[in-house]
Amino acid sequence: MPRLSLYKPEYGLDYNFIDRQVSEMFQAGGTDVYLHKYLGANTSADNATADQPNYAQTSITNIQDLLLLENRDRTYDTQVYRIRGLYNVQQSEFSLSQFGLFIDNDTIFLEIHINDFIKYIGRKPINGDVIELPHLRDDFALNNLSFALPRYYVVDDVGRSSGGFSVTWQPHLYRLRCKKVTDSQQFASIFNQPATDANGDPVANTTLLDILSTQNTALSINDAVVNQAEADAAKSGYETRQFYTLAVDPNTGKPVLETADQSTLDASNASNINAAAVNGVPVRTGYTGYLVGDGFPVNGYAFGFGIQFPNNPADNDFYLRVDFLPNRLFRYDTQVNGWVVVEDAVRMNMTNNDTRSTLKTSFINNSDYIYNDSVAVDYIELTVGQTQINTSVSYQTGLYVVLKYQTTILAYVVADHPMTTSPSYPGILVNNSGHLQINLPKIPDVNNNLVQQTIPYAGQWTINICNNREAQRQSLSTALRPKADF
Amino acid sequence: MQFFYDGQIRRYLTQTIRVLSNFVVKYGDGTLVRVPVMYGDSDRQVGSIISQNSANAVASVPRIAVYISGLDIDHSRLGDASYVGKLNFRERDIQVDNGQQTYNQAQGKNYTIERLMPTPFKLTMKCDIWSSSTEQKLQILEQIMVLFNPSLEIQTTDNYIDWTSLSVLNLSSVNWSSRQVPVGTENPIDIATLTFDSPIWISPPVKVKHLGVITKIITSIYNNYQTDSDSYVQGLGEPLTTGTSFLSDLLSQEVTTVSDYIIQIYNGEAILLTSNEGYTPREPNLDIPTRGGSAAINWHDLFDRYPGKYIAGSSMLYLTQPNGTEVVGTFAINPLDSTRLNVTYFADTLVPNTGIDSNGYLDTNQNYNAAASYRPSSPGTFDAIVNPQTYNPGTPSVGLRLLIIEDIGSSGHTTEAWGSLVAKANDIIEWTGSQWHVIFDYTHFSDTMVWQTNIYTGVQYLWNGVQWVKSFEGEYTSSQWRIVL
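Residues numbered from 1 in each chain as written. Chains lettered and ligands numbered in written order. Predicted model: local features only at pLDDT ≥ 70, side-chain atom pairs only at ≥ 80, totals over all residues. Heavy atoms only, no water.

1. Quick notes on the overall build of chain A
- Assigned secondary structure in chain A consists of five helices and 25 strands.
- At a minimum sequence separation of 6, the contacts of chain A that also span at least 24 residues come to 57%.
- Just so you have it, chain A exposes about 26,900 Å², and 51% of that area is on carbon and sulfur atoms. (Helix = DSSP H or I, 4+ residues; strand = E, 2+ residues; numbered from the N terminus. Contact = heavy atoms within 4.5 Å. Areas by Shrake-Rupley, 256 points an atom, 1.4 Å probe, with all protein chains shown as cover.)

2. Quick notes on the overall build of chain B
- Looking only at helices and strands, chain B features four helices and 28 strands.
- A compact globule built from 485 residues would reach a C-alpha radius of gyration of about 23 Å, whereas chain B, at 40 Å, exceeds it by more than 25%.
- Along the three orthogonal principal directions, the C-alpha set of chain B runs to about 135 × 75 × 50 Å.
- Within chain B, buried positions represent 45% of all 485 residues.
- Of the contacts formed within chain B by residues at least 6 apart in sequence, a portion of 60% connects residues at least 24 apart. (Rg over C-alpha atoms; globule rule 2.2 N^0.38 Å. Buried < 20%, exposed > 50% of the residue type's maximum accessible area, 1.4 Å probe, protein only.)

3. Some remarks on the pattern of salt bridges
- What the rule picks out here adds up to 31 salt bridges over all chains.
- Measuring nitrogen to oxygen at the nearest pair gives 3.1 Å for the salt bridge that ties Lys8(A) to Asp14(A).
- Among the residues examined, Lys8(A) registers a relative accessible area of 32% and is labelled partly exposed.
- In this structure Asp14(A) comes out as partly exposed when scored by relative accessible area, which is 38%.
- Between Arg179(B) and Asp190(B) there is a salt bridge, and its shortest N-O distance comes to 3.7 Å. With Arg179(B) in the loop between strand 9 (166-175) and strand 10 (190-202) and Asp190(B) in strand 10, this pair connects stretches of sequence that are 11 residues apart.
- Looking at Arg179(B), the relative accessible area reads 28%, which means it is partly exposed.
- By sharing partners, the salt bridges in this structure join Glu239(A), Arg241(A), Arg347(A) and Asp158(B) into a single network. (Salt bridge = Lys/Arg side-chain N within 4 Å of Asp/Glu carboxyl O.)

4. So, the sheet that holds strand 11 (residues 207-210) of chain B
Residues and elements named next belong to chain B.
- As summarised here, the arrangement of the three strands in space is 5-6-11, forming an open sheet in which the pairing is antiparallel. Each edge of the sheet is formed by a strand with only one pairing partner; in this case those strands are strand 5 (84-97) and strand 11. Strand-to-strand twist in this sheet, taken as the mean axis angle between neighbours without regard to direction, amounts to 40°.
- Where strand 5 and strand 6 (residues 100-116) come together, 12 bridges link them in antiparallel fashion. Counted as the bridge partner of arginine 92 is glutamine 107 from strand 6. (Pairing = 2+ DSSP bridges. Axes fitted to C-alpha atoms, helices over the stretch in contact; angles between N-to-C directions.)

5. Details of the sheet that holds strand 14 (residues 262-266) of chain B
All names here are of chain B.
- One open sheet holds the seven strands; their spatial order is 27-14-15-18-17-16-28, and the pairing between them is antiparallel. Looking at which strands have only one partner, the edges of the open sheet turn out to be strand 27 (474-476) and strand 28 (481-484). If you compare each strand with its neighbour and ignore which way they point, the axes differ by 30° on average.

6. Remarks on helix 3 (residues 134-145) of chain B
All names here are of chain B.
- Taking 1.5 Å as the rise per residue, helix 3 with 12 residues should run 16 Å; its terminal C-alpha atoms sit 16 Å apart, in good agreement.
- Those residues of helix 3 that fall on the buried side of the exposure criterion are Glu135, Gln136, Lys137, Gln139, Ile140, Leu141 and Ile144.
- Where helix 3 is buried, its residues contact strand 1 (24-26), strand 4 (63-73), strand 7 (119-131) and strand 10. (Expected span 1.5 Å × (residues − 1).)

Structure follows, in structure tokens:
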């Protein structure tokens, strides 16, 4: 007779019997656990590097960042699995941090049945699996009560439960240490899924992130603060447009008046004309200091703008040259018979945006290109509003169309504007009886309405067809690195 | 002390949050996600609202929190606490069209601003960056830290008057992570902390005043001065005071005004004259003056040099009288001729008319009895100035008074129009209901000034002992008039 031993090295009938009892206990007394199964890191070939490779097969064993040892872009099974689990419900208290309210003891220890998990999920639970506890749904959160807020956790550690060993010394339970998830890059594929209503149907244009995350609220609060900051100081420097500069005779110190009997009376100052008197135009602003130039003439006088001075100017005409950076304001002075610099528009919006162009940010907010490998060039006199350009060069295809007049450059990618029938568009490059014809395209605006591109200035434009372009903004570490074999 | 609060430190927080706003992180699929920035010391209730009052709400990562960790006075930047900086401003005029206020191109109100020396402080702020991965932290820090070399300029306002608005954020330290390596069994969130210090100023309110332009300087030279002895008497406990000096024996006085113009007041109008120009006659009388020949001067030339904004019908003219009082009127530029002002005088600022009763007593005489006179309700006026040799009064109402400019009648003779009246030019006569009699005989008032208003024209006249003249009209030197816009 063998010696008595409850331990058995093999998974025998005793083990199976106990395991079924344990499974039934979870089925009878456990709670539903919805599992979002982690599938692996999401990588792409486009930006793959040696230390951040692209994996041909998505696998839970892939490591996205081999340097920092992180899996940031995680892919989850769109199928949600239901399992059973047990845990001790704890009292929760909120801790107020600099990032808002957190649950102080947000860690739960969930026990699940090993064999059931393997049976339903197909593998052992791992760190990164996300679970939802449906019994913790909050039906009365501070939303419009259309949605119940689900409670999500991410598996933080996986081990065998000490209480899950049977008398045969074989384990039956996993113990998962779970923490509350955050709305972060790691779980974006879960939170970007549509939210579901009470019937479980997806709600249009509403994601889980919209109903669960503090992101939208935080952004709107941030926007409000930035709006106030912009109200306090819309631009760098100082606003002086509300102030009046009195024109004074430099010799007598007396105010300069223009009267109706003078032929040079400026009709644009009609609002200032009272009886027979109007103040003269000062030659410079009376309010000087750090960053006060805004490109506007003093006292609100009318001004024109463009990239070349107008013909036949009158005395004290103002003109803003927008081809200068910063834009430069000029005043026409008949005494010197020329345009005199008044000021540079140096005031700048101080809010970070994609167009801000200070000395430093002009190196960052730069989406311009330089064009090389010209295959066709022509010089043509164009008029404002022109949309079709008939060149004298032979028909030639290319990758880019570049139109240049003084400092103004219009550039188009040929492949972005092919021939279409609806709306009817012949394509940007057309063979017109053997000569190259350029048809300016229609480009969507911010409201996605197609806007016909036109020639903005009259003059002799340079037409250039190129086959290469380089982005002006390149990282310091990659600019002009070798592009060919040595 | 009265309450004042301008939210000055609050604006530094606002601008610091602005500096750190609108940075993004890039997910692996190319999605750009903005990093929200909020104040890091929120109210617990607001924290609950943001998390939808639910333990199930999910905090978004990455996040940036900004909060103040220190505020210390900066002794190295202390300045003269009593220093007052002044700035003068002219605003553009505002016009209202359909309820919409817009600036036009004319001169509006003007002001002088007085600013007291502000107190310097050093403000220390922390910026906590919560990221969900090291790569995310690297993305955020690389974008932010490139701005600090080592400082970033910030402005709390773009107000030209605010001399404290400009400051800088100095990146004083970077705490790479709140976590330790090795992490251990727990998995705390990762927070990088940037510490900024900023030299700031806290300022009391400014004083906004009317534009402080000196428009008149009086230079006086005296030949003598006396000093009172103090009033301190030993043993009586009276306060010890210093003696006061009094200047006396004025030798000369010169008044210089912003324009040095003199003005001619006539018939409700005011006209500017240069200092060496004059009207004929210069002294006021009943004649219409004629200009000396210089070019007319535009009143705008003067208004532009004065503080304030000319407002037709509201701006005021002050005329200093020989007795030290001032005649005051509002004015408006003649719309057809901007060299002329139309002036409307305040009746209360004119010298009161001298009452004359029917017995010829002035109101300064103890026998004066206006109530018993034929003109009890208006004893300081007459009804018209007439030439008795050409004017026939007919049958007037009782109490009618006339100032005559020619002699009439002689003793023992009567005239058809005036009966037995005998009067001289400059006399005032009155109709009793049955006859004319003289109530003001100028020969009795060679050393007395008498003011009377001609009801017919509304012009007040003054008997100066020699002749009737308009009471305040005439020419005023640069020191005898002023305007308030």
